[in-house]
Amino acid sequence: MKIDTYGIISDIIDKEIDILLPLKVGELRSLLESNFPKLSQFNYSLVIDNEIISDEMKLIEHSNSIAIMPPFSGG
Amino acid sequence: MNRYARQIILPNFGPQTQQKLKTSKVLIVGAGGLGIPVLQYLTAAGIGVIGIADGDTIDISNLQRQVLFYEQDIGYNKATVAYNKLHSLNSEIEFVVYDYNINQQNVFDIVECFDIVVDCTDNFSIRYLLNDVCELLTKPLVFASIFQFEAQLSVFHYGVNPYSLRDIFPNIPISNSVPNCTEAGVIGTITGLIGSIQANEVIKIITNIGTVNSGTLLLVNSLYNTMQNVTISKNSSLIPFTTKDQILNYNYGSFCSHYQYIYSLNELKELLTMDNSILIDVRELEELPKVIEVSCKQIPLSILPSTLQDLKSYNHIVFLCKSGVRSKKAIDITQEVFPSKTIYSIKDGITIFEE
């Protein structure tokens, strides 16, 4: 599955990976971090089908798009 | 009213709507890349009272995006210079200038004077502080942040179904994992674009025209001209602050730009006459020349972290080194532990005594 990225995370995600759903948000994070170890150094939220999901326990049953979004700090 | 004729003739606008702008009070925190377009458009549009908060001074590297500032303004305070220029754009506006940074001690006194807050800052400590204060006081917060050619924008704490920055990113990010404009670079045009959208959101909130960008986060990429509005979902595990004291006692980490420069020996001497003030030389013990002009404690930077508790009783802490670089590190170390103390760095280091 292709993973969309924003900001500095775009430098880390360099390949597509297989994601088998259903997964809880927390489990999806672990899967992503095991494929992209540098990700664990960053703060980020997951955007599933254009919705930002911050609840780690939420179950994702199916999804058309997954994006990794870090906070920006510049102004 | 001739000044506002072009907006008054807009559909659903009219003189009553212009009057709403005139009776509004908007605080812009940060007079930099984002803050400048916000300030210019809101001043031009006729907001009644505009607060400008920024303790920073103008540097030549700011001019690439902070287009209200000119070469002759370098070295002066951003809020003060912005006020001088904006006042001649629209003398009908009442400006309130805060030429210092907002922190935990002063935030409530300032924010309580306004109806809407616009976050144009560049560090997470202040962003989360403004978020939490606006949530407690139920004031709309027009948030935007930038990374290189990209931006994020949303309106928090607005309307009957308000959202929070913490619904998106529950905890304050560790600042060294997220680069700011200084470290990552930024294109001037994106700050102009996004600041203009922030100003537009303020006008929509006040006038009740259109749909305010609440409950969604606008993601902009100016390299590919994409704009995407993603839905924010409420984070049910958040426990909101219910009292001022909770916010005042919360650890917001280091307000990294929250320190002041000392430029002259007279300024330093005056500061050291205050109770609870101390000058600390963070150079190594053998470095020359020694400080003899004023009383000074030697704590080399290498041992500062282990001796920080010695500074507990001081409220005004001045750091001195050879050129200012180690002082900046000392400030970061001290603010991690004592976020609310007022900290100073001697701008040109030890040369302050060469007169």
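Everything below is about the structure printed above this text.
Residues numbered from 1 in each chain as written. Chains lettered and ligands numbered in written order. Predicted model: local features only at pLDDT ≥ 70, side-chain atom pairs only at ≥ 80, totals over all residues. Heavy atoms only, no water.

## A short note on helix H11 (residues 265–272) of chain B
All names here are of chain B. This is how the line gets drawn: A 1.4 Å probe rolled over the protein chains alone gives each residue an accessible area, and that area as a share of the maximum for its type sets the label: buried under 20%, exposed over 50%, partly exposed in between. Only DSSP runs of H or I with at least four residues qualify as helices, and only runs of E with at least two residues qualify as strands; both kinds are numbered from the N terminus onward. Directions are taken from the helix axis to each C-beta atom, and the arc is the one they span. Any two residues whose heavy atoms approach within 4.5 Å are treated as being in contact.
Listed in full, the buried residues belonging to H11 are Leu265, Leu268 and Leu271. Down the axis of H11, the smallest arc covering the buried residues is 125°, so these residues share one side. Exposed residues lying more than 90 degrees from the buried face of H11 are Asn266 and Glu270. The inward-facing, buried residues of H11 contact strand S9 (260–262), strand S10 (277–281), strand S12 (316–320) and strand S13 (342–346).

## Some details on the pairing of strand S6 (residues 150–156) of chain B
Every other side chain in a regular strand lies on the same face of the sheet, so the side chains alternate between the two faces. Residue and element names in this part refer to chain B. This is how it is decided: A strand pair is defined by DSSP finding two or more bridges across the two strands.
Across the seven residues of S6, seven count as buried, placing the element largely inside the fold. Burial along S6 is two-sided: the face carrying Glu150, Gln152, Ser154 and Phe156 and the face carrying Ala151, Leu153 and Val155 are both buried. In this structure, strand S5 (residues 141–147) lies alongside S6, joined through seven bridges in antiparallel fashion. Its bridge partner lying in S6, Leu141 is registered against Phe156. Once S5 ends, the chain turns through two residues before running back antiparallel as S6, passing Gln148 with a positive phi of about 55°. Of the pairings in the sheet, the one linking S6 to strand S7 (residues 216–221) comprises four bridges and is antiparallel in character. Residue pairing for S7: Leu153 is matched across the bridge by Leu218.

## Observations concerning the interface of chain A and chain B
The criterion, for reference: Buried surface area refers to the total accessible area, computed with a probe of radius 1.4 Å, that the two partners give up upon joining, counted for both partners together. We define a salt bridge as a contact between a side-chain nitrogen of Lys or Arg and a carboxyl oxygen of Asp or Glu at a distance within 4 Å. A 3.5 Å cut-off defines polar contacts: any pair of N or O atoms within that distance qualifies, except that in protein one atom must be a possible hydrogen donor and the other a possible acceptor, and neighbouring residues in sequence count only when both atoms are side-chain atoms. Any residue outside Ala, Val, Leu, Ile, Met, Phe, Trp, Tyr, Cys, Pro, Asp, Glu, Lys and Arg is labelled polar, Gly included; the first ten of those are nonpolar and the last four are charged.
In this complex, chain A contributes 22 residues to the contact, which on the side of chain B involves 36 residues. Taken over both partners, the interface formed by chain A and chain B buries close to 2,300 Å², and the fraction arising from carbon and sulfur atoms is 56%. For chain A, the biggest contributors to the area lost against chain B are A:Phe72, A:Ser73 and A:Gly75; these three give 30% of the whole. In this structure, the connection of chain A to chain B is made through zero salt bridges. If you look at where chain A meets chain B, you find 17 residue pairs in polar contact (both at pLDDT 80 or more). At the level of secondary structure, the elements contributing two or more residues to the side of chain A that touches chain B comprise strand S3 (45–48) and strand S4 (51–53) of chain A. At three residues, S4(A) tops the list of elements feeding residues into the side of chain A that touches chain B. A breakdown of the residues in the side of chain A that touches chain B according to their chemical character gives 11 nonpolar, nine polar and two charged. Note that S4(A) and strand S8 (residues 226–232) of chain B share two bridges and pair parallel. Bridge pairing links A:Ile52 to B:Ile232 in S8(B).

## Focus: helix H13 (residues 325–337) of chain B
Residues and elements named next belong to chain B. Every buried residue of H13 is listed here: Ser327, Ala330, Ile331, Thr334 and Gln335. Each buried residue of H13 lies within a common arc of 125° when the element is viewed along its axis, so the set occupies one face. Facing away from the buried side of H13 by over 90 degrees, the exposed positions are Val325 and Glu336.

## Details of the nonpolar core
For soluble globular proteins, the rule of thumb is that nonpolar side chains tend to be buried together. Applicable threshold: In this description, a nonpolar core means a group of buried Ala, Val, Leu, Ile, Met, Phe, Trp, Tyr and Cys residues linked to one another through side-chain atoms lying within 4.5 Å.
Judged by nonpolar contacts, the single largest core of 63 residues is most densely connected at A:Leu28, A:Ile68, A:Met69 and B:Leu27. The element that contributes the greatest number of residues to this core is helix H6 (residues 124–137) of chain B, accounting for seven residues. When near neighbours in sequence (up to four residues on either side) are disregarded, A:Met69 contacts A:Tyr6, A:Tyr44, A:Ser45, A:Val47, A:Ile52, B:Gln152, B:Ile168, B:Phe169, B:Leu217 and B:Leu219. In this structure, B:Ile58, B:Ala82, B:Ala151 and B:Val186 belong to the second largest nonpolar core, which totals 42 residues.

## Some details on the packing of aromatic side chains
All names here are of chain B. Keep this limit in mind: Classification of ring pairs rests on two measures: the distance between centres of Phe, Tyr or Trp rings, Trp counted by its six-membered ring, which must be within 6.5 Å, and the angle between planes, read as stacked under 30 degrees, edge-to-face over 60 and tilted in between.
All told, the structure shown has nine aromatic pairs over all chains when counted by the stated rule. Aromatic pair Tyr98 and Phe114: ring centres 6.4 Å apart, planes at 70°, arrangement edge-to-face. One end of the pair, Tyr98, is in strand S3 (residues 94–98); the other, Phe114, is in the loop between helix H5 (107–111) and strand S4 (116–119), and 16 residues separate them in sequence. What makes Tyr98 buried here is its relative accessible area of 9%. Within the aromatic cluster, the residues linked to one another by ring pairs are Tyr98, Tyr100 and Phe114.

## Some points on the sheet that holds S8(B)
Rules: Axis definition: a line fitted to C-alpha atoms, limited for helices to the stretch in contact. Angles are taken between N-to-C directions and run from 0 to 180 degrees.
With mixed pairing, the 12 strands of this open sheet are ordered in space as S1(A)-S6(A)-S3(A)-S4(A)-S8(B)-S7(B)-S6(B)-S5(B)-S4(B)-S1(B)-S2(B)-S3(B). Taken across any chain shown, the strands that pair with only one partner, and hence form the sheet edges, are strand S1 (3–5) of chain A together with S3 of chain B. Across this sheet, the average inter-strand angle for adjacent strands is 25°, counted without regard to direction. The pairing of S4(B) with S5(B) spans three bridges and is parallel. For B:Val118, the partnering residue across the bridge sits in S5(B) and is B:Val142. Helix-sheet contacts for helix H4 (residues 78–89) of chain B involve strand S2 (49–53) and S3 of chain B, and the interaxial angle to S3(B) is about 165°. The strands touched by helix H9 (residues 188–207) of chain B are strand S1 (25–29), S4, S5, S6, S7 and S8 of chain B; relative to S5(B), the strand with the most contacts, the crossing angle is about 170°.

These results come straight from atomic positions and should not be treated as a statement about function.
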